[in-house]
Amino acid sequence: MESLSNKKKVLVSKPLNLAERMYLPAIASGMATTIGHFFKKPATIKYPEQVREFSINWRGMHSLKRDEQGRERCTACGLCALSCPAEAITMIAAERKNEEKHLYREEKYASVYEINMLRCIFCGLCEEACPKEAIYLDGPIVPADYLRKDFIYGKDKLVEAPLEK
């Protein structure tokens, strides 16, 4: 069968000399590459002992922030869940009681706030959509686990610890 362009390239193979037939130049260049790698800085790090520096715009695990008085900033408006393209965020809103004024900023709060880390694509749209600056992607790397149910993070893992006085 002929090619469509009718262009042919003729390959001419010249005979190998004695050194090329014994593969000595190929072995020597391979050894030079190997020896050259001994003197280079290794590309890997020893992870548990060494921690790699992340860039400024790196996005880690989610965290729900508190205000200066130690109250949760989230008002359960649902904008983070609406902006999430992976639909990884679910929340249930509840009304604040009078005895809970020291816990929540507004009259409405998220009684249930869950993020499915297996669905999350760490795009940061939830962080941008929040009008109260309650959610940030500034946490550590999401740890590995064996069970799918352990990747659904609730308020117990997401809300930052209250400030010490």
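Residues numbered from 1 in each chain as written. Predicted model: local features only at pLDDT ≥ 70, side-chain atom pairs only at ≥ 80, totals over all residues. Heavy atoms only, no water.

Asker: Would you mind showing me how to read the environment of Arg71 here?
Answerer: As for its placement among the helices and strands, Arg71 is situated in the loop between β1 (63-64) and α3 (79-83). What makes Arg71 partly exposed here is its relative accessible area of 23%. With 61 residues separating them in the primary sequence, Arg71 and Lys132 have C-alpha atoms 12 Å apart. (Helix = DSSP H or I, 4+ residues; strand = E, 2+ residues; numbered from the N terminus. Buried < 20%, exposed > 50% of the residue type's maximum accessible area, 1.4 Å probe, protein only.)

Asker: Help me understand the confidence of the model for the chain in this model?
Answerer: Should pLDDT be low for a region, the predicted coordinates there are not to be read in detail. When pLDDT is averaged along the chain, the result is 89; 96% of the residues meet or exceed 70. Mean pLDDT across the elements of the chain bottoms out in helix α1 (residues 18-21) (80) and peaks in strand β5 (residues 152-153) (96). (pLDDT = per-residue confidence, 0-100.)

Asker: Explain the nonpolar core here, please?
Answerer: As a rule of thumb, nonpolar side chains are buried together in soluble globular proteins. The biggest cluster of nonpolar side chains holds 23 residues, and the ones touching the most others in it are Ile89, Tyr113, Ile115, Met117, Ile135 and Leu158. The element that contributes the greatest number of residues to this core is strand β3 (residues 108-116), accounting for 3 residues. Excluding its chain neighbours within four sequence positions, the residues that come into contact with Leu158 are His62, Ser63, Leu64, Tyr113, Ile115, Met117 and Tyr153. (Core = buried A, V, L, I, M, F, W, Y, C linked by side-chain atoms within 4.5 Å. Contact = heavy atoms within 4.5 Å.)

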